[in-house]
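Fold and contact review
Okay, here's what each chain looks like letter by letter:
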Amino acid sequence: ILNVEQSPQSLHVQEGDSTNFTCSFPSSNFYALHWYRWETAKSPEALFVMTLNGDEKKKGRISATLNTKEGYSYLYIKGSQPEDSATYLCAFTAAGNKLTFGGGTRVLVKP
Amino acid sequence: SAVISQKPSRDICQRGTSLTIQCQVDSQVTMMFWYRQQPGQSLTLIATANQGSEATYESGFVIDKFPISRPNLTFSTLTVSNMSPEDSSIYLCSVEDLPGIGYNEQFFGPGTRLTVL
């Protein structure tokens, strides 16, 4: 059974502040690490797929880093805005396998 | 990318009854996936539905409880049978972007929020 953990489970951020949170995953048989954003009553939206150790990806004010040797990824939100409020999911895949999701980090940005 | 719709978007059901959830994709896809997220839990794969063959179920999920149909390349249904309060979850369908080429990225439907009383 693959263990994908996200921490914290939830966090409150003041508008304009930056924040980050973690996804940890098995460091063996790594194939890809995915980040999704899931807003209430909407479809989960793919943010990044990361495949190489040391990968850094950026999309607007959101960025992510990847360390496959130690099995973790960070997601950063710079200058948080209320529209960033969502649950952020990471998902791990080993080669040829399905996605295994973490429990998510619920982010609430307060105006 | 793919656009996926689900029906119903939410429902409240009595225990012992069954609910069928529909998933429609705007393009032809080989595989469709069904997930659920119980309260406070991770998004968990229930089964993979291929057109023209039996669905493949993950450990802990059985066909009698979650029968799946896949009549064509753009549509699938998941039935939650003989429901109990433990079946209260968000159920999502998804399809894979660039199957066999990409990294298993998925496009998801908006989900069906099921409450069982």
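Bear in mind the structure is a predicted one, so any value in this text is a computation, not a measurement.

Residues and elements named next belong to chain B. One open sheet holds the four strands; their spatial order is E1-E3-E8-E7, and the pairing between them is antiparallel. Across the chains shown, the open sheet's two edge strands, defined by having one partner strand only, are strand E1 (4-7) and strand E7 (68-72). Going across the sheet, the axis of each strand differs from the next one's by a mean of 15 degrees, ignoring polarity. Across six bridges, the pairing between strand E3 (residues 19-25) and strand E8 (residues 75-80) is antiparallel. Looking at the pairing, Gln24 lines up with Phe75 of E8.

Bringing the interface of chain B and chain A into the picture now. Contact residues are listed per partner, giving 18 residues for chain B and 21 residues for chain A. In total, about 1700 Å² of surface goes out of reach between chain B and chain A, with carbon and sulfur atoms giving 60% of it. In this structure, the connection of chain B to chain A is made through one salt bridge. The tally of links from chain B across to chain A stands at five residue pairs in polar contact (both at pLDDT 80 or more). Going through the elements one at a time, strand E4 (31-37), strand E9 (89-96) and strand E10 (106-108) of chain B are the ones with two or more residues in the side of chain B that touches chain A. In the side of chain B that touches chain A, the residues fall into eight nonpolar, seven polar and three charged.

On to the state of the cysteines. The final tally for this structure, using the stated rule, is two disulfides over all chains. In this model, Cys23 of chain A is linked to Cys90 of chain A through a disulfide, with the two sulfur atoms separated by 2.0 Å. Disulfide Cys23 of chain A to Cys90 of chain A: torsion about the S-S bond roughly 80 degrees, handedness right-handed. Residue Cys23 of chain A is located in strand E3 (residues 19-24), and its partner Cys90 of chain A is located in strand E9 (residues 86-94); the two are separated by 67 residues in the primary sequence. Cys90 of chain A gets classed as buried once you look at its relative accessible area, which sits at 0%. A disulfide bridge connects Cys23 of chain B with Cys93 of chain B, and the sulfur atoms are separated by 1.9 Å.

Cut-offs applied
- Residues numbered from 1 in each chain as written.
- Chains lettered and ligands numbered in written order.
- Predicted model: local features only at pLDDT ≥ 70, side-chain atom pairs only at ≥ 80, totals over all residues.
- Heavy atoms only, no water.
- Pairing = 2+ DSSP bridges.
- Helix = DSSP H or I, 4+ residues; strand = E, 2+ residues; numbered from the N terminus.
- Axes fitted to C-alpha atoms, helices over the stretch in contact; angles between N-to-C directions.
- Contact = heavy atoms within 4.5 Å.
- Buried area = accessible area lost by both parts, 1.4 Å probe.
- Salt bridge = Lys/Arg side-chain N within 4 Å of Asp/Glu carboxyl O.
- Polar contact = N/O pair within 3.5 Å; in protein donor to acceptor, adjacent residues only side chain to side chain.
- Nonpolar A, V, L, I, M, F, W, Y, C, P; charged D, E, K, R; others polar.
- Disulfide = S-S within 2.5 Å.
- Buried < 20%, exposed > 50% of the residue type's maximum accessible area, 1.4 Å probe, protein only.

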